[in-house]
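Each chain, written out:
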Amino acid sequence: DGGITQSPKYLFRKEGQNVTLSCEQNLNHDAMYWYRQDPGQGLRLIYYSQIVNDFQKGDIAEGYSVSREKKESFPLTVTSAQKNPTAFYLCASSMLRRDNSGANVLTFGAGSRLTVL
Amino acid sequence: DAKTTQPTSMDCAEGRAANLPCNHSTISGNEYVYWYRQIHSQGPQYIIHGLKNNETNEMASLIITEDRKSSTLILPHATLRDTAVYYCIVRVSLTAGGTSYGKLTFGQGTILTVHP
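Here's what I pulled together on the structure shown here.

Here is what the cut-offs are and how they apply
- Residues numbered from 1 in each chain as written.
- Chains lettered and ligands numbered in written order.
- Predicted model: local features only at pLDDT ≥ 70, side-chain atom pairs only at ≥ 80, totals over all residues.
- Heavy atoms only, no water.
- Helix = DSSP H or I, 4+ residues; strand = E, 2+ residues; numbered from the N terminus.
- Rg over C-alpha atoms; globule rule 2.2 N^0.38 Å.
- Buried < 20%, exposed > 50% of the residue type's maximum accessible area, 1.4 Å probe, protein only.
- Areas by Shrake-Rupley, 256 points an atom, 1.4 Å probe, with all protein chains shown as cover.
- Lys, Arg positive; Asp, Glu negative; His and termini not counted.
- Charge placed at Lys NZ, Arg CZ, Asp CG, Glu CD.
- Disulfide = S-S within 2.5 Å.
- Patch = residues over 30% accessible without salt bridge, like charges linked within 9 Å, V, L, I, M, F, W, Y side chains within 5 Å.
- Salt bridge = Lys/Arg side-chain N within 4 Å of Asp/Glu carboxyl O.
- Pairing = 2+ DSSP bridges.
- Axes fitted to C-alpha atoms, helices over the stretch in contact; angles between N-to-C directions.

A closer look at the overall build of chain B
Right, on to step 1. When helices and strands are tallied, chain B shows 0 helices and 11 strands.
Right, on to step 2. Taken from N to C terminus, the helices and strands of chain B fall in the order β-β-β-β-β-β-β-β-β-β-β.
Right, on to step 3. By the compact-globule yardstick of 13 Å for 116 residues, chain B fits well, its C-alpha radius of gyration being 14 Å.
Right, on to step 4. Dimensions along the principal axes, computed over C-alpha positions, put chain B at roughly 50 × 30 × 25 Å.
Right, on to step 5. A buried classification covers 46% of the 116 residues belonging to chain B.
Right, on to step 6. Split by element, the accessible area of chain B, about 5,700 Å² in all, is 49% carbon and sulfur.
Right, on to step 7. Separation of charge centres in chain B, based on 9 positive and 9 negative side chains, amounts to 5 Å.

Structure representation (structure tokens):
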């Protein structure tokens, strides 16, 4: 079955450590996204990528980094510069379309919950 | 992007229709209305979207008013598994290089609780 796989599902890290969250998709989608969700809040966009080797900052990119070396993969690194990294992280993907319809139909992964001790 | 307003929470009896409203009075002509839902501790799930005509799929129906300033998501026969946070998002797709991609802004949505 096609979908998005995020790992690990739960992750604990000590302050000052970098951690990388994995996101892999087999949907042949061109665009991929990373969102952050805090308890009781909506989702906020961290980074997004339309094509391989290209990505753009979202609304809250500070303290995060990404890479897009393969179409299927879009890992997110939470660096020690991120002041409040404890959150639920969601990866998503979508097709690029030549018309305006449906371009915001995103497929999400199950999420990774990061806790900083 | 147009701002949306949704009730914080709603209740619905199992088997009855759930009607979730969304106000988007500043919507512009090229903005679509999208609905997603998020079951607790899972990733959001796309439900339906529309521009100005009513839409229906296997999950739900979307009714958009003629002036497009509000819409209603209808779950025709709600089940306990429909308990979730429902997000209404109004968004124009950004076009780059002849293709379109989407970036979504999720607010706090409506917490729908379906009870027996």
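That shown, we press on.
Some thoughts on the state of the cysteines
Residue and element names in this part refer to chain A.
Right, on to step 1. As enumerated under the stated definition, the model contains 2 disulfides over all chains in all.
Right, on to step 2. Covalent S-S linkage joins Cys23 and Cys91, the inter-sulfur distance amounting to 1.9 Å. Here the disulfide of Cys23 and Cys91 is left-handed, its torsion about the S-S bond being about -75°. Placement of Cys23 in strand 3 (residues 19-25) and of Cys91 in strand 9 (residues 87-94) is noted, with a sequence separation of 68 residues between them. Judged on exposure class, the residue Cys23 and its partner Cys91 are both buried.

Describing a nonpolar patch on the surface
Right, on to step 1. A contiguous nonpolar patch, built from Tyr10, Phe12 and Leu117 of chain A and spanning about 400 Å² of accessible area, is present on the exposed surface.
Right, on to step 2. Positionally, Tyr10 of chain A belongs in strand 2 (residues 10-13).

Description of the pairing of strand 1 (residues 4-7) of chain A
Each regular strand displays side chains that alternate between the two surfaces of the sheet.
All names here are of chain A.
Right, on to step 1. Side-chain alternation along strand 1 places Ile4 and Gln6 on a buried face and Thr5 and Ser7 on a face that remains uncovered.
Right, on to step 2. Note: strand 1 against strand 3, 4 bridges, orientation antiparallel. Counted as the bridge partner of Ser7 is Ser22 from strand 3.

A short note on the sheet that holds strand 4 (residues 45-50) of chain B
Residues and elements named next belong to chain B.
Right, on to step 1. Spatially, 5 strands are ordered 1-11-8-3-4 in an open sheet, and the strand pairing comes out mixed. Edge positions in the open sheet fall to strand 1 (9-13) and strand 4, since each of these has one partner strand only. Sheet twist, expressed as the mean angle between neighbouring strand axes with direction ignored, is 25°.

Some details on the pattern of salt bridges
All names here are of chain A.
Right, on to step 1. The tally for this structure, following the rule as stated, stands at 4 salt bridges over all chains.
Right, on to step 2. Between Asp38 and Arg36 there is a salt bridge, and its shortest N-O distance comes to 3.0 Å. For the pair shown, Asp38 and Arg36 are each scored as buried.
Right, on to step 3. Note that Arg44 and Asp38 form a salt bridge whose closest N and O atoms lie 2.7 Å from each other.
Right, on to step 4. A residue is classified by how much of its surface remains accessible, and Asp38, at 17% relative accessible area, is buried.
Right, on to step 5. Sharing partners across several salt bridges, the network here consists of Arg36, Asp38 and Arg44.

Taken by themselves, the reported measurements are silent on function.
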